[in-house]
Amino acid sequence: MRKKVIAGNWKMNMLPNEAIGFITELTPLVKSATHDVVLCVPYTDLFYALLTAQNTNIRIGAQNMSQYEKGAYTGEIAAPMLKSIGVSHVIIGHSERRQYFNETDEAVNEKVKSAFNHGLEPIVCVGETLEQREAGKVDEVITSQMQKALDGLTTEQVQKTILAYEPIWAIGTGKTASKEDANEAIKAIRNKIAEIYGQMTADSVIILYGGSVKSTNAKELFEMSDIDGGLVGGASLKVEEFSKIVNYDTQK
Ligand code: 13P
């Protein structure tokens, strides 16, 4: 059976003192969680977050990284830099990076490869716009993004990739995909993985849902057959709310 992963994406929020306070408060609230808990924090919080999360079950991720390993790329952060301080996960290809920073499928693919080369676990985001959904292109768009992101990886690497299905129209809007729609989209990704890499690989890939996940809808989403947890934005900025999402399975 696939494990569940609940990951927070703080985006461009939280100063180091806030990160330290947040993780200190969160630690006792999630210590009994049976699934993986990850917080993807801004670069400037990473070191503080890692120190505060030491000896806890909270793992710390970054929200982006360079596709290059080192060199004259002013302002960029490379995979070995993240790995060297103890970062375990990295979000790659978030729709905000694709939309506002012109991140292409090719760059996403190079970043995923570099993450694996340096022992980081990539959380690779795919998702359609509202126009694409209304045009009936959801499966086509998200399976194509997935294929391009994973191109050239070994089957073993594909098995270790965490995917996140984040419909763009559901991000930060308060509009959540229905649990059925989210499950169908994730199933479409899984079926395409089965077609390319085999059923065993498809059955082992963790695929998260993201887009206005809250404590009030986490349980119904995460209990669907193909949804293996969530990538949580806004609701990961409040300790109590995020801890409720992490502990969705103990809710009445
Ligand atoms: P919200 O949970 O704020 O909609 O953000 C989702 C997201 O983009 C997580 O990566």
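The structure this text deals with has already been given above.
Notes on the structure follow. All of these numbers come straight from a predicted model, not from anything done at the bench.

## Some words on the layout of surface pockets
Then step 1. In this structure, the largest pocket encloses a volume near 440 Å³.
Then step 2. Broken down by element, the residue count for the lining of the largest pocket peaks at 3 residues, all from helix α4 (residues 95–100).
Then step 3. When its volume is computed, the second largest pocket comes out at roughly 210 Å³.
Then step 4. For the second largest pocket, the lining is made up of 17 residues, of which G172, S212, V213, G233 and G234 are closest to its centre.
Then step 5. Its residues assigned to classes, the lining of the second largest pocket comprises 5 nonpolar, 9 polar and 3 charged.

## With respect to helix α2 (residues 43–52)
Then step 1. Of the residues making up α2, those classed as buried are D45, L46, A49 and L50. Considered in projection along α2, the buried side chains sweep an arc of 135 degrees and stay on one side of the axis.
Then step 2. Taken together, the buried residues of α2 touch α1 (16–30), β3 (58–62) and α3 (79–85).

## Some thoughts on the packing of α1 against α2
Then step 1. Contact pair α1 / α2: the axes reach a minimum separation of 9 Å and the direction vectors enclose 30 degrees. Relative to α2, α1 is oriented roughly parallel. Crossing of α1 over α2 shows right-handed handedness. On α2, the residues touching P16, A19, I20, I23 and T24 of α1 are T44, D45, Y48, A49 and T52.
Then step 2. A per-class count over the contact of α1 with α2 returns 6 nonpolar, 3 polar and 1 charged.

Criteria and cut-off values
Residues numbered from 1 in each chain as written. Predicted model: local features only at pLDDT ≥ 70, side-chain atom pairs only at ≥ 80, totals over all residues. Heavy atoms only, no water. 1 Å grid on protein atoms, 1.4 Å probe; cavity = no way out; pocket = protein on both sides within 12 Å on 5 of 7 lines; lining within 4 Å. Points joined across faces, edges and corners; volume = space filled by probe spheres on them. Helix = DSSP H or I, 4+ residues; strand = E, 2+ residues; numbered from the N terminus. Nonpolar A, V, L, I, M, F, W, Y, C, P; charged D, E, K, R; others polar. Buried < 20%, exposed > 50% of the residue type's maximum accessible area, 1.4 Å probe, protein only. Arc of directions from axis to C-beta. Contact = heavy atoms within 4.5 Å. Axes fitted to C-alpha atoms, helices over the stretch in contact; angles between N-to-C directions. Parallel < 35°, antiparallel > 145°, perpendicular 65-115°, else oblique. Left-handed = near helix turned anticlockwise from the far one by under 90°.

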